[in-house]
Amino acid sequence: MSGKMITHHYTECGLPNVWIRCRQVIDNAGQKVYIISRIGILHKAIAHEVVNSRGALTGREIKFLRSILGLTPAEFGKLIHRQPSTVSRWERGAAAPGSAVDFLIRLLAILKLKLDADPDEISARCKKVARKPRIWITKKEMNAVSMAA
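Residues numbered from 1 in each chain as written. Predicted model: local features only at pLDDT ≥ 70, side-chain atom pairs only at ≥ 80, totals over all residues. Heavy atoms only, no water.

Draft legend 1. Up close: the packing of helix H2 (residues 59-68) against helix H4 (residues 84-92). Running from amino to carboxyl end, H2 crosses H4 at an angle of 125°, the nearest separation of the two axes being 6 Å. When the axes of H2 and H4 are compared, the pair comes out oblique. Of H4, the residues touching H2 (which contributes Gly59, Arg60, Ile62, Lys63 and Arg66) are Val87, Trp90 and Glu91. Here the residues of the contact of H2 with H4 are counted per class, giving 3 nonpolar, 1 polar and 4 charged. (Axes fitted to C-alpha atoms, helices over the stretch in contact; angles between N-to-C directions. Helix = DSSP H or I, 4+ residues; strand = E, 2+ residues; numbered from the N terminus. Parallel < 35°, antiparallel > 145°, perpendicular 65-115°, else oblique. Contact = heavy atoms within 4.5 Å. Nonpolar A, V, L, I, M, F, W, Y, C, P; charged D, E, K, R; others polar.)

Take a look at the structure:
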């Protein structure tokens, strides 16, 4: 399928700050369609960037990590010793986990997804920052994640 390569604001993952390079084509109905190959590796690369990001996890990031782990709020809550309603409040942005739980969530993602990340460095990043930077997923990040798997 031919089409042009574009930079796409990838909000489909549930995060507002992810940008990827992908192919855009026009389907038979005249609608723009984005061709994203290796979606599992893409989501693992995004998870890697989220886990390694500076600042406290946002509600959307927590929901993204929970989703990529394939867990319901109840299952996720059980793993981190919190009620599903607490997980829901975090994901909606109505409350935030403390830095210890933030670190625990990141560690859980590192272990379950087999991400290449240094827990000592991650621990230092679980502090609040004013604004999250954009996440740019390139072929380099995709290849690094697929090689680690």
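Now that the structure has been shown, the text picks up again.
Draft legend 2. Expanded view of helix H1 (residues 39-51). Spanning 13 residues, H1 covers 18 Å between terminal C-alpha atoms, matching the ideal 18 Å at 1.5 Å per step. Where H1 is concerned, the buried positions are Leu42, Lys44, Ala45, Ile46, Ala47, His48, Val50 and Val51. (Expected span 1.5 Å × (residues − 1). Buried < 20%, exposed > 50% of the residue type's maximum accessible area, 1.4 Å probe, protein only.)

Draft legend 3. Local environment of the packing of H1 against helix H5 (residues 99-113). The interhelical angle for the contact between H1 and H5, taken along N-to-C directions, is 145°, at an axis separation of 10 Å. The two elements H1 and H5 cross, and the hand of that crossing is left-handed. Within the contact between the two elements, H1 uses Lys44, Ala47, Val50 and Val51 and H5 uses Arg106, Ala109, Ile110 and Leu113. Across the contact of H1 with H5, the residue classes tally to 6 nonpolar, no polar and 2 charged. (Left-handed = near helix turned anticlockwise from the far one by under 90°.)

Draft legend 4. View of the environment of Arg134. By the secondary structure assignment, Arg134 is in the loop between helix H6 (119-125) and strand E4 (135-137). Taking the C-alpha atoms as reference, Arg134 lies 8.4 Å from Pro16; in sequence the two are 118 residues apart. Apart from the residues lying within four places of it in its own chain, the contact partners of Arg134 are Asn17 and Trp19.

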